[in-house]
Amino acid sequence: SGNRTFTMLKPDAVEKGHIGAILQQITSSGFRIAALKLTQMTEDDAKTFYEIHKERPFYGELVEYMTRGPIVAAVLEKENAVEDFRSLIGATNPEDAAEGTIRKKFAASISENAIHGSDSDENAEIEAAFHFSGRDQF
Ligand code: CMP
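About the cut-offs
- Residues numbered from 1 in each chain as written.
- Predicted model: local features only at pLDDT ≥ 70, side-chain atom pairs only at ≥ 80, totals over all residues.
- UniProt positions renumbered as here; feature names shortened; annotations may be inferred.
- Helix = DSSP H or I, 4+ residues; strand = E, 2+ residues; numbered from the N terminus.
- Buried ≥ 20, exposed ≤ 12 C-beta atoms within 10 Å, placed from the backbone.
- Near = placed C-beta within 6 Å.
- Nonpolar A, V, L, I, M, F, W, Y, C, P; charged D, E, K, R; others polar.
- Pairing = 2+ DSSP bridges.
- Axes fitted to C-alpha atoms, helices over the stretch in contact; angles between N-to-C directions.
- Contact = placed C-beta atoms within 7 Å.
- Arc of directions from axis to C-beta.

Where an unreviewed UniProt entry is consulted, the protein appears under the name Nucleoside diphosphate kinase, with the organism given as Psychroflexus salis. What UniProt states about the protein under its Function (unreviewed entry) heading is, verbatim, "Major role in the synthesis of nucleoside triphosphates other than ATP. The ATP gamma phosphate is transferred to the NDP beta phosphate via a ping-pong mechanism, using a phosphorylated active-site intermediate." As recorded by UniProt, the Sequence similarities (unreviewed entry) comment attached to the protein reads in full: "Belongs to the NDK family."

Given below as structure tokens:
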């Protein structure tokens, strides 16, 4: 048991064939998969999901990147899930990410950074509900 966070393996990670390795690192770090799917975001989906960044100079590029191919969306459960998952993925910029973190291993750049992790319990719930119905969360 524990609480929940939401993640996406972003299009670059899926394109490079890293789904298996990343899910392996996540589960071996103590997270239980409560929901999981391969899906693709539409332009509307990405604009809504990243609305908080809409005034940023990289918003257009971010929407293009996040819609260019399939992603893996998942809900993860663990004690202290949000904070522990952000430690596991590492800093937004892989150049600043700690050794052994998912972004250090799998991310190419600050913009194509392989993986998303919710930044609060409240956003985890909103983001999980954006991608999954109640009956698809276990
Ligand atoms: P994340 O922090 O998960 O959510 C916002 C995303 O915007 C971030 O991951 C990157 O994919 C992207 N991003 C953040 N900062 C930049 C930047 N300076 N330039 C381009 N993309 C960025």
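Engineer: Please explain the UniProt feature "domain: Nucleoside diphosphate kinase-like" (unreviewed entry) in the protein as it appears in this structure.
Structural biologist: When the UniProt feature table is mapped onto this chain, "domain: Nucleoside diphosphate kinase-like" (unreviewed entry) is found at residues 2-136. Annotated as 41% helix and 19% strand, the span residues 2-136 places its first and last C-alpha atoms 18 Å apart.

Engineer: In this structure, what is going on with the UniProt feature "binding site: ATP" (unreviewed entry) in the protein? I would like to understand it.
Structural biologist: Here, the residues flagged by UniProt with the feature "binding site: ATP" (unreviewed entry) are K10, F58, R86, T92, R103 and N113. Following the sequence through the fold, K10 ends up in the loop between strand 1 (3-9) and helix 1 (11-15). The exposure class assigned to K10 is buried, which follows from the 23 C-beta atoms found within 10 Å. Relative to the helices and strands, R86 is located in helix 5 (residues 81-89).

Engineer: Mind showing me how you'd approach the site of the ligand here?
Structural biologist: Close contacts around the ligand come from H53, F58, E61, L62, T92, I110, S111, N113 and H116, and that covers them all. Of the residues that constitute the shell around the ligand, the class distribution is three nonpolar, five polar and one charged.

Engineer: Just checking my understanding: could you explain the sheet that holds strand 4 (residues 115-117) for this structure?
Structural biologist: To summarise the sheet geometry, strands pair through backbone hydrogen bonds and adopt either a parallel or an antiparallel arrangement. Strand order in this open sheet of four strands is 2-3-1-4, and the pairing throughout is antiparallel. At either end of the open sheet lies a strand with only one pairing partner, and these are strand 2 (32-39) and strand 4. Along the sheet, successive strands turn relative to each other by an average axial angle of 15°, direction set aside. For strand 2 and strand 3 (residues 71-78), the ladder comprises seven bridges, and the chain directions are antiparallel. Bridge pairing in strand 3 links T39 to I71. With respect to the sheet, helix 5 is in contact with strand 1, strand 3 and strand 4, its orientation differing from that of strand 1 by roughly 30°.

Engineer: Before we go on, may I ask you to explain helix 5 in this structure?
Structural biologist: Residue pairs spaced three or four apart in an α-helix point in one direction, given the helix's 3.6 residues per turn. Among the residues of helix 5, A81, V82, F85, L88 and I89 are the ones counted as buried. Taken down its axis, helix 5 places every buried residue within 125° of arc, on the same side. Each element contacted by the buried residues of helix 5 is listed here: strand 1, strand 3, helix 6 (102-106), strand 4 and helix 7 (121-131). Positive phi appears at G90, one or two residues downstream of helix 5, with a value of about 90°.

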